[in-house]
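Okay, here's what each chain looks like letter by letter:
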Amino acid sequence: MKLFDQLKLPIRKDDLMPVIRQGIFMSFTGGLLIGALHAFFSFQFGFTLTWLMLFILAHLTASRIKRSYSEYHILYSILSVFFFLLAYYLMSITLNLGVLFLYDALVVSFILQVLNPLQYFNFFNPFSGQFFSVDNMLELLFFLIGTYYAYRYSK
């Protein structure tokens, strides 16, 4: 069945709200927790595990959404991907605010710069100078795997 045909199917109203609640809950708690762990590892040990954190985040988001409905609809998989993107954004904000806090550099202008979502998804930009670096390619690969995993596992 094509995507547009699947979107035309009726949605059970009693399934939609639990999916949205679980997605918001997992985005905020998962994004904040994994962002804090990421900030701790990068500050304390000097390395990051962004690719592993993305996979864990995708798994947690998709599994919570999968358990919240009784009858599947394609919209739930799309919402799972959206909430994964939101969780990634919150993880990145938490990481940057944590690093700024640890270095005593919390200033309003820095906080406003941290809230800009374009800088967190800049690894998709093929015109950036860092696009073909190994770290960017790994992050891009695992981000796409995480997005695909969030889509498929929420079925």
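Residues numbered from 1 in each chain as written. Predicted model: local features only at pLDDT ≥ 70, side-chain atom pairs only at ≥ 80, totals over all residues. Heavy atoms only, no water.

Glancing now at the nonpolar core. Grouped burial of nonpolar side chains is what soluble globular proteins tend to show. Within the largest apolar cluster, 20 residues are counted, with the highest numbers of intra-cluster contacts made by Leu54, Phe84, Tyr88, Met91, Tyr120 and Phe143. With seven residues, the single largest contributor to this core is helix α4 (residues 74-102). Not counting residues within four places of it along the chain, the set of residues in contact with Phe143 comprises Leu54, Phe84, Leu85, Tyr88, Phe121, Phe123 and Phe124. Core analysis: the second largest hydrophobic core is formed by six residues, Val19, Tyr69, Tyr76 and Leu79 among them. (Core = buried A, V, L, I, M, F, W, Y, C linked by side-chain atoms within 4.5 Å. Buried < 20%, exposed > 50% of the residue type's maximum accessible area, 1.4 Å probe, protein only. Helix = DSSP H or I, 4+ residues; strand = E, 2+ residues; numbered from the N terminus. Contact = heavy atoms within 4.5 Å.)

Turning next to the layout of surface pockets. Approximately 530 Å³ is the volume attributed to the largest pocket. As for the largest pocket, its lining consists of 21 residues, of which Thr50, Tyr88, Asp135, Asn136 and Glu139 are closest to the centre. Only α3 (50-66), α4 and α6 (134-153) provide two or more residues apiece to the lining of the largest pocket. Broken down by element, the residue count for the lining of the largest pocket peaks at six residues, all from α4. Tallied by class, residues from the lining of the largest pocket come to eight nonpolar, 11 polar and two charged. (1 Å grid on protein atoms, 1.4 Å probe; cavity = no way out; pocket = protein on both sides within 12 Å on 5 of 7 lines; lining within 4 Å. Points joined across faces, edges and corners; volume = space filled by probe spheres on them. Nonpolar A, V, L, I, M, F, W, Y, C, P; charged D, E, K, R; others polar.)

Attention shifts here to the packing of aromatic side chains. Tallied over the full model, the rule gives 19 aromatic pairs. Both rings, one in Phe43 and one in Tyr103, keep their centres 5.4 Å apart while their planes meet at 75 degrees; by these two values the pair is edge-to-face. On the criterion of sequence distance, the pair formed by Phe43 in helix α2 (residues 13-44) and Tyr103 in the loop between α4 and α5 (108-114) is long-range, its members being 60 residues apart. The partly exposed category is assigned to Phe43, whose relative accessible area is 36%. Where Phe123 meets Phe143, the ring centres are 5.2 Å apart and the plane angle is 75 degrees; that geometry is what we call edge-to-face. (Phe/Tyr/Trp six-rings, centres within 6.5 Å; stacked < 30°, edge-to-face > 60°.)

Moving on, we come to the environment of Phe4. With respect to the secondary-structure elements, Phe4 resides in helix α1 (residues 3-8). Counting along the chain gives 70 residues from Phe4 to Ile74, while the straight-line C-alpha distance between them is 9.6 Å.

What follows concerns α2. With 32 residues, α2 extends 46 Å from end C-alpha to end C-alpha; this agrees with the ideal 46 Å at 1.5 Å per step. Here α2 has its buried residues at Asp15, Pro18, Val19, Gly23, Met26, Ser27, Gly30, Gly31, Ile34, Gly35, His38 and Ala39. At the C-terminal side of α2, Gly46 shows a positive phi close to 85 degrees. (Expected span 1.5 Å × (residues − 1).)

Relative to the assigned elements, His73 resides in the loop between α3 and α4. Note on His73: relative accessible area 4%, which makes it buried. At 3.0 Å, the side chain of His73 forms a polar contact with the backbone nitrogen of Leu75. Apart from the residues lying within four places of it in its own chain, the contact partners of His73 are Gln6, Leu7, Leu9, Pro10 and Ile11. (Polar contact = N/O pair within 3.5 Å; in protein donor to acceptor, adjacent residues only side chain to side chain.)

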